[in-house]
Amino acid sequence: QVQLVESGGGLVQAGGSLRLSCAASRSIYSANNMGWYRQAPGKQRELVATITSSYSTNYADSVKGRFTISRDNAKNTVYLQMNSLKPEDTAVYYCNAALKPTIVDRWGDYWGQGTQVTVSS
């Protein structure tokens, strides 16, 4: 069973930076769209950024100009560079990917376990 493993969360002061990483737990056949979502306490999960297999990106308005999503297709890994962090960025961040684990598997929608990002004022 393929899992997405996230790392890089933590506590940072406002204005600081963090870099999140998310990798598949084993080698996979193919990955399509990958992205990051977040969920703050008492709020619904929301899209942060997505990136296609051809590197087209999409960002939530709230993070444009501050966050950068990237991917390494050889490593089946997606990254989120977060700069100029604000207290309102505090949330659990989840990675998401459309994966085809082996040539005989169907495409599936996979989620990481989440990593906490806390921005202090």
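Before reading on, note that the structure itself is shown above.
The following refers to the structure shown. Because the structure is predicted, anything quoted here is derived from the model rather than measured.

1. Things to note about the state of the cysteines
By the definition in use, this model includes one disulfide. Residue pairing for Cys22: its cysteine sulfur links by disulfide to Cys95, the two sulfurs lying 1.9 Å apart. Between Cys22 and Cys95, the disulfide has an S-S torsion of 40 degrees and is therefore right-handed. Here Cys22 is found in strand E3 (residues 18–24), whereas its partner Cys95 is found in strand E9 (residues 91–100), with 73 residues between them in sequence.

2. A short note on the nonpolar core
Trp36, Leu80, Met82 and Tyr93 are the most contacted members of the largest nonpolar core, which has 32 residues in total. Looking at this core, the elements with two or more residues in it are E3, strand E4 (30–39), strand E5 (46–51), strand E7 (67–72), strand E8 (77–82), E9 and strand E11 (115–120). Top element by residues in this core is E9. It accounts for five residues. Leave out the neighbours within four places in its chain, and Leu80 touches Leu18, Arg19, Leu20, Trp36, Val48, Ala49, Phe67, Thr68, Ile69 and Tyr93.

3. Describing unusual backbone geometry
Of all residues except glycine, most have a negative phi; of all peptide bonds, most are trans. Unlike most non-glycine residues, Tyr55 shows phi in positive territory, near 75 degrees. For Tyr55, the location among the structural elements is in the loop between E5 and strand E6 (57–59). One non-glycine residue, Ser84, lies in positive phi territory at about 50 degrees. If you trace the backbone, Ser84 turns up in the loop between E8 and E9. Residue Ser84 is classed as partly exposed on the basis of its relative accessible area, which comes to 41%.

4. Let's talk about a nonpolar patch on the surface
Taken together, the side chains of Tyr29, Ile103 and Val104 make up a nonpolar region of the molecular surface, amounting to roughly 360 Å² of accessible area. Relative to the helices and strands, Ile103 is located in the loop between E9 and strand E10 (108–111).

5. Section: the pairing of E7
Regular strands have side chains that alternate between both faces of the sheet. Burial of the side chains of E7 is restricted to one face: Phe67, Ile69 and Arg71 are buried, whereas none of Thr68, Ser70 and Asp72 on the reverse face is. In terms of strand pairing, E7 meets E8 through six bridges, oriented antiparallel. Bridge assignment links Ser70 to a residue of E8, and that residue is Tyr79. Between E7 and the antiparallel strand that follows it, E8, lie four residues; Asn76 among them carries a positive phi value of about 50 degrees.

6. Description of the side chain of Glu6
Relative to the elements of secondary structure, Glu6 occurs in strand E1 (residues 4–7). No salt bridge is formed by the buried Glu6. Its closest oppositely charged neighbour is Arg45, at 7.8 Å. Among the polar contacts made by the side chain of Glu6, one reaches the main-chain amide nitrogen of Gln113 at a distance of 3.5 Å. At 2.4 Å, the side chain of Glu6 forms a polar contact with the backbone nitrogen of Gly114.

7. Comments concerning the side chain of Thr115
Within the secondary structure, Thr115 is located in strand E11. In this view, Thr115 contacts Glu6, Gly9, Leu20, Ala91, Val92 and Tyr93; residues no more than four positions away in its chain are not counted.

8. Side note on the sheet that holds E1
Where strands meet in a sheet, backbone hydrogen bonds hold them as pairs that are either parallel or antiparallel. Spatial ordering of the open sheet is given by E1-E3-E8-E7, a layout of four strands whose pairing is antiparallel. Edge strands, defined here as strands with exactly one partner in the open sheet, are E1 and E7. Mean inter-strand twist for the sheet, computed between neighbouring axes without regard to direction, equals 15 degrees.

Criteria and cut-off values
Residues numbered from 1 in each chain as written. Predicted model: local features only at pLDDT ≥ 70, side-chain atom pairs only at ≥ 80, totals over all residues. Heavy atoms only, no water. Disulfide = S-S within 2.5 Å. Helix = DSSP H or I, 4+ residues; strand = E, 2+ residues; numbered from the N terminus. Core = buried A, V, L, I, M, F, W, Y, C linked by side-chain atoms within 4.5 Å. Buried < 20%, exposed > 50% of the residue type's maximum accessible area, 1.4 Å probe, protein only. Contact = heavy atoms within 4.5 Å. Patch = residues over 30% accessible without salt bridge, like charges linked within 9 Å, V, L, I, M, F, W, Y side chains within 5 Å. Areas by Shrake-Rupley, 256 points an atom, 1.4 Å probe, with all protein chains shown as cover. Salt bridge = Lys/Arg side-chain N within 4 Å of Asp/Glu carboxyl O. Pairing = 2+ DSSP bridges. Lys, Arg positive; Asp, Glu negative; His and termini not counted. Polar contact = N/O pair within 3.5 Å; in protein donor to acceptor, adjacent residues only side chain to side chain. Axes fitted to C-alpha atoms, helices over the stretch in contact; angles between N-to-C directions.

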